[in-house]
Amino acid sequence: MSDSFYNEVLTDHNMHPIHKHPIDNPNLVLEGVNPSCGDDIVLQLRVEDDKIVEGSFVGEGCAISQASADIMLELIIGKSKDEALSLSDAFMRMIRNEASEEDIELLDEAGALKDISHMPARVKCAVLGWHTLEELFGRKSE
Amino acid sequence: MTEIDEKVKKLREEFRIFRETDYVYLDNSATSQRPDRVIRAVSDFYAEKNANPFRGVYELSEKCTEEYESARSRAAAFIGAEHSSEIVFTRNATEALNLIAYSYGCFELSEGDEIVVSVCEHHSNFLPWVMVSERTGAKLVKLLPDETGCITPKALRNVITGKTRLVCVTQVSNVFGKVNDIKTLAQIAHEAGALIVCDGAQSVPHMPVDVRDLDVDFLAFSGHKMLAPMGIGVLYAKRDILSSMKPFMLGGEMIESVHWDRVKFAVIPHVFEAGTVNAGGAAGLKAAMEFMDEIGFDFIMEQEKRLTRLAMDGIKNINGIHVIGDQSPEGHEGIVTFTVDGVHPHDVAQIFDSEKICVRAGHHCAQPLMDHLGIGSCTRASFAFYNTEEEVNRFLECLSGIRRKMGYNE
């Protein structure tokens, strides 16, 4: 992998996250932890009528975990639970290097993380936010 | 090219990994690389001397036993032990430390006793003592380093009491890289009536260690950090202490006779080496120690000091990098651990990896020390005699660009 892995999308979301702050009255809150790296985030969502009206995260970790969580929130706010989960499916396919063109299109900025598929040691960082989201919506994580 | 550079270049030719790849390997504290002669010693052992040691009465088994026991004698000589029976082969330093905990700690300690453990310890010299404490009721007492990462005699005097039975301390911390004055610490422990357990995993590969001069009761180290194969390590224990200890694991090769209603255990060191031993690993360790003796610690230490100095002088000129522990290169035995402002260690290591530079990121199996330092994790470069100035310069060049790559303008 080249050092271009840390592209502008990734470093920008890491250094200037849009959704890294607590929100008022979240109704779904869950902590996600990567014991091996020490990445630790708390995902907060406010879901009304099956729609994610607000969402954020707080915590700390490597650039990949932090940027990935921020990009995820950018994608899922305003979406329904099912839409958010299908985005998560698309993201997981991308990480396994099985994503279709439609997946990549759907994932928008999250596509900046597609090289993770060649970096097994960092997969956990990239999927931390998404796994936490899935768990929050009652899916069992693998 | 200086004389040292020439010698390093020649030594590097003995390592296939350096001949055939361009990795900059700066994770020597985790494990070293292995020269051809060590790999050959292992394969020659299996090709020429392979049988089950101690068991056969035939010539081949005797050859095997002889090779294994000559490795033991070599290890004894390498650390200045008086008797080779004081050398127990284990899988690694971790197993050696567990052996002390299970075979000595669990039997000898009880409620009211105290175990002094430094907060700088690798989990391997910490968790076994937590276990002993939980099983026996002995109290764990924390020993703190000074700001340079040193466990000072004064700090030990402050916590040691008449109840102290064991003092567990590393000779060189795998995070600070600072050498502790084990000889004085051992003296203080002995004056209080305690024994000293010394973790030599980071010291034995990099400096002459003489157990009789240091007067340590126990010393543990791993072969794989000193050019030998993974899976072979050493426990040194003073003969009278080792003789008094209970067996660690039970089974083959550690007995003299076994009957349904009675058993007689073998003598030291065999009583602590249950099951078929790692004779191939021991052959590799012997070759590694011969190689290191040939190179000599004068050279090993000089080269590692030189690389450490170069790295630390270079780091001083890079913004946002903070070395943990002693700020002088003299206080680092080939280990330089640091943080990069605003950049997580895993991202630091990832960027190094993109330039084929291998460094370690994380908590370095020393989480209580991370807690003490108030950091979650950090990045470590650790040098061996086979590293070059050119490699350190590549490391520094990459390091100087990391914050910029992560979006910081400076």
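What counts and how
Residues numbered from 1 in each chain as written. Chains lettered and ligands numbered in written order. Predicted model: local features only at pLDDT ≥ 70, side-chain atom pairs only at ≥ 80, totals over all residues. Heavy atoms only, no water. Pairing = 2+ DSSP bridges. Helix = DSSP H or I, 4+ residues; strand = E, 2+ residues; numbered from the N terminus. Axes fitted to C-alpha atoms, helices over the stretch in contact; angles between N-to-C directions. Patch = residues over 30% accessible without salt bridge, like charges linked within 9 Å, V, L, I, M, F, W, Y side chains within 5 Å. Areas by Shrake-Rupley, 256 points an atom, 1.4 Å probe, with all protein chains shown as cover. Salt bridge = Lys/Arg side-chain N within 4 Å of Asp/Glu carboxyl O. Lys, Arg positive; Asp, Glu negative; His and termini not counted. Charge placed at Lys NZ, Arg CZ, Asp CG, Glu CD. Contact = heavy atoms within 4.5 Å. Polar contact = N/O pair within 3.5 Å; in protein donor to acceptor, adjacent residues only side chain to side chain. Nonpolar A, V, L, I, M, F, W, Y, C, P; charged D, E, K, R; others polar. Expected span 1.5 Å × (residues − 1). Buried < 20%, exposed > 50% of the residue type's maximum accessible area, 1.4 Å probe, protein only.

Caption draft 1: A look at the sheet that holds strand β1 (residues 28–34) of chain A. Residue and element names in this part refer to chain A. With antiparallel pairing, three strands are arranged side by side in an open sheet as β1-β2-β3. Taken across any chain shown, the strands that pair with only one partner, and hence form the sheet edges, are β1 and β3 (51–60). Neighbour to neighbour, the strand axes of the sheet diverge by 20° on average, direction disregarded. Strand direction decides the pairing type here: β1 and strand β2 (residues 39–48), joined by seven bridges, are antiparallel. The residue of β2 that forms the bridge with V29 is Q44.

Caption draft 2: Representation of a negative patch on the surface. Judged by side-chain charge, A:E8, A:D12, A:E74, A:D108 and A:E109 come together as a negatively charged surface patch. By the secondary structure assignment, A:D12 is in helix α1 (residues 8–15).

Caption draft 3: The arrangement of the sheet that holds strand β15 (residues 378–382) of chain B in detail. Residues and elements named next belong to chain B. Spatially, four strands are ordered β11-β12-β15-β14 in an open sheet, and the strand pairing comes out antiparallel. Of all the strands in the sheet, the pair left with one neighbour each is β11 (321–323) and β14 (360–362). Between one strand and the next, the sheet's axes are offset by a mean angle of 30°, whatever the strand orientation. Inspection of the sheet shows strand β12 (residues 335–340) paired to β15 by four bridges, in the antiparallel sense. Bridge pairing in β15 places I335 opposite S382. Running over the sheet, helix α13 (residues 345–354) touches β12, β14 and β15 and is turned about 160° from β14.

Caption draft 4: Structural detail: the pairing of β3(A). Residue and element names in this part refer to chain A. With nine bridges connecting them, β2 and β3 associate as antiparallel partners. Bridge assignment links Q44 to a residue of β3, and that residue is S56. The antiparallel pairing of β2 with β3 creates a hairpin that spans two residues between the two strands, and D49 there sits at a positive phi of about 50°.

Caption draft 5: Structural detail: the interface of chain A and chain B. Listed as interface residues are 16 residues of chain A and, on the opposing side, 12 residues of chain B. Inspection of the chain A/chain B interface yields one salt bridge. Applying the counting rule to chain A against chain B returns five residue pairs in polar contact (both at pLDDT 80 or more). Counting residues per element, the ones that place at least two in the side of chain A that touches chain B are α1 and α2 (63–76) of chain A. It is α1(A) that contributes the most residues to the side of chain A that touches chain B, three residues altogether. Looking at the side of chain A that touches chain B residue by residue, the class counts come to eight nonpolar, five polar and three charged.

Caption draft 6: Region of interest: helix α4 (residues 59–78) of chain B. Residue and element names in this part refer to chain B. Its 20 residues give α4 an end-to-end C-alpha distance of 28 Å, which sits within 8% of 28 Å, the value for a rise of 1.5 Å per residue. Taken together, the buried positions of α4 are occupied by S61, C64, T65, E67, Y68, A71, R72, A75, A76 and F78. Packing partners of the buried residues in α4 comprise α3 (36–48), β2 (87–90), β8 (233–237), α11 (279–295) and α12 (297–316). G80 occupies a position one or two residues after α4 and carries a positive phi of about 75°.

Caption draft 7: Highlighting the pairing of β8(B). Residues and elements named next belong to chain B. Taken across its five residues, β8 has five buried, putting it largely inside the fold. Alternating positions in β8 separate into two faces, G233, L235 and A237 on one and V234 and Y236 on the other, with burial throughout. Where β2 and β8 come together, four bridges link them in antiparallel fashion. Residue pairing for β8: V88 is matched across the bridge by L235. Inspection of the sheet shows strand β7 (residues 218–222) paired to β8 by five bridges, in the antiparallel sense. Directly across from L219, in β8, lies its bridge partner Y236.

Caption draft 8: The pattern of salt bridges, seen in detail. One pass over the full model with this rule turns up 35 salt bridges over all chains. Ionic pairing is found between B:R74 and B:D293, a salt bridge with its closest N-O pair at 2.8 Å. Of the two residues, B:R74 sits in helix α4 while B:D293 sits in helix α11, which places them 219 residues apart along the sequence. The partly exposed category is assigned to B:D293, whose relative accessible area is 40%. Residue B:R165 pairs with B:D113 through a salt bridge whose shortest N-O separation is 3.1 Å. With B:R165 in strand β5 (residues 164–170) and B:D113 in the loop between α5 (93–108) and β3 (114–118), this pair connects stretches of sequence that are 52 residues apart. Overall, the relative accessible area of 13% leaves B:D113 in the buried class. Salt bridges sharing common partners tie together A:R46, A:E48 and A:E54.

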